[in-house]
Amino acid sequence: MKALASARSTWGALAPRERRLVRAALGVVLLGLLWGLLLAPPLKALRSSAERHARVDAQWQQMQQLQAQAEQLKAAPRQGDVDAPAELRQSSQALLGAGATLSINAGRATVALSEVPAAALAAWLAQVRSSAQALPEQAQLKQVPGGEAARWSGSVVLALPAP
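To start, this report covers the structure provided alongside it. As the structure is a computational prediction, the values presented were derived from the model and not from experiment.

1. Some points on the overall build of the protein
Okay, so step 1: Along the protein, the regular secondary structure elements total four helices and four strands.
Okay, so step 2: Mapped in sequence order, the helices and strands of the protein form the string α-α-α-β-β-α-β-β.
Okay, so step 3: On C-alpha atoms alone, the protein measures out to a radius of gyration of 34 Å, which is more than a quarter above the 15 Å that the 2.2 N^0.38 rule sets for 163 residues.
Okay, so step 4: The principal-axis extents of the C-alpha atoms in the protein amount to approximately 100 × 35 × 35 Å.
Okay, so step 5: For the protein, the proportion of its 163 residues judged to be buried stands at 17%.

Dropping the structure here:
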């Protein structure tokens, strides 16, 4: 109460010109607060909305492409009698070379990879899916630093079709 009474007495002691200046200063501070708290954030979001929309649209298109690939793989005819282990060995040697070691056990194949080029790994996965009808179940891959082309190390577990 004393602070309010003191402020009123100080206000009353000010000249009309000083009161106008104090009101103007308070108005400028209030406008600054309104701008900073209420207007600037929505304007910033509005300015960046086109960029965000383009980024989300690109992600949506990528998802559509992946969906189309999945549908194409689903619709692909399954081959009859396939010797999946033999197909897997052949494609591993042809595409991955010495960078892969293969072990087959109870309907699953584990492929250990050592610094395999990304393009070779992608081609191998596509070929294994179509020719050996093996489906990736688990992948633990780590990109190897250095070099100009991406290289991967780790392991891939594949489920082989039932004989």
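There is more to say after this.
2. Points about the sheet that holds strand E4 (residues 151-159)
Okay, so step 1: Strands sit in the order E1-E2-E4-E3 across an open sheet of four strands; the sheet is antiparallel. Both edges of this open sheet fall to strand E1 (100-105) and strand E3 (135-144), since each of them pairs with a single strand only. If you compare each strand with its neighbour and ignore which way they point, the axes differ by 10° on average.
Okay, so step 2: Of the strand pairs in this sheet, E3 and E4 are connected by nine bridges, and their pairing is antiparallel.

3. Some points on the nonpolar core
Okay, so step 1: Leu88, Leu96, Val111, Leu113, Trp124 and Leu158 are the most contacted members of the largest nonpolar core, which totals 17 residues.
Okay, so step 2: Among the elements of the structure, helix H3 (84-96), strand E2 (108-117), helix H4 (118-132) and E4 are those that each provide at least two residues to this core.
Okay, so step 3: It is H4 that provides the largest number of residues to this core, a total of five residues.
Okay, so step 4: Leave out the neighbours within four places in its chain, and Trp124 touches Leu88, Ser91, Ser92, Leu95, Leu96, Val111 and Leu158.

4. Looking at the pairing of E2
Okay, so step 1: Bridge analysis of E1 against E2 gives six bridges, and the strand direction is antiparallel. Considered in E2, the bridge of Leu102 is made with Val111.
Okay, so step 2: Linkage of E1 to E2, two consecutive antiparallel strands, is achieved through a turn of two residues, within which Ala106 is found at a positive phi near 50°.
Okay, so step 3: Pairing analysis gives eight bridges linking E2 to E4, with the strands arranged antiparallel. If you follow Ala109 over to E4, its bridge partner there is Leu158.

5. Some thoughts on the pattern of salt bridges
Okay, so step 1: Within the structure shown, the criterion is met by two salt bridges.
Okay, so step 2: Glu51 is the partner of Arg55 in a salt bridge, and the nearest nitrogen-oxygen pair spans 3.5 Å. Within this pair, Arg55 and its partner Glu51 are both found in helix H2 (residues 16-75), separated by four residues, close to a single helical turn.
Okay, so step 3: With a relative accessible area of 53%, Glu51 lands in the exposed category.
Okay, so step 4: Where Glu137 meets Arg108, a salt bridge forms, and the shortest distance between an N and an O atom there is 2.5 Å. A residue pair is termed long-range when its members are at least 10 positions apart, and Glu137 in strand E3 and Arg108 in strand E2 qualify at 29 residues.
Okay, so step 5: Its relative accessible area of 40% is what places Arg108 among the partly exposed residues.

6. Looking at H4
Okay, so step 1: With 15 residues, H4 should cover 21 Å at 1.5 Å per step; its first-to-last C-alpha distance of 20 Å lies within 8% of that length.
Okay, so step 2: Restricting attention to buried positions, one finds in H4 the residues Ala120, Leu121, Trp124, Val128, Ser131 and Ala132. Angular distribution of buried residues about the axis of H4 spans 120°; they occupy a single face of the element.
Okay, so step 3: Those residues of H4 that are buried lie in contact with H3, E2, E3 and E4.

Procedures and definitions
- Residue indices follow the written sequence of each chain, beginning from 1 at its first position.
- Local features in a predicted model are, by the rule used here, given only for residues with pLDDT of at least 70; side-chain atom pairs are given and counted only at 80 or more, and totals for whole chains, interfaces and linings are based on all residues.
- Excluded from the side-chain calculation are hydrogens and water; included are all heavy atoms of the structure.
- Strands here are runs of E lasting at least two residues and helices are runs of H or I lasting at least four, both read from the DSSP assignment and numbered beginning at the N terminus.
- C-alpha atoms define the radius of gyration in this analysis, and the globule rule sets the expected value at 2.2 Å times the number of residues to the power 0.38.
- The buried label goes to any residue with under 20% of its type's maximum accessible area, the exposed label to any with over 50%, and the partly exposed label to all in between, with areas taken from a 1.4 Å probe on protein chains only.
- Strand pairing is assigned whenever DSSP identifies at least 2 bridges connecting the two strands.
- Axis lines are fitted through C-alpha atoms, for helices just across the contact stretch, and the angle between N-to-C directions can take any value from 0 to 180 degrees.
- By convention a nonpolar core is built from buried Ala, Val, Leu, Ile, Met, Phe, Trp, Tyr and Cys residues, the set being connected through side-chain atoms within 4.5 Å.
- Two residues qualify as a contact provided that any one of their heavy atoms is within 4.5 Å of a heavy atom in the partner residue.
- Put simply, a salt bridge is a Lys or Arg side-chain nitrogen that is within 4 Å of an Asp or Glu carboxyl oxygen.
- Every helix has an expected span of 1.5 Å times one less than the residues it contains.
- For this quantity, the arc is that covered by the directions from the helix axis to the C-beta atoms.

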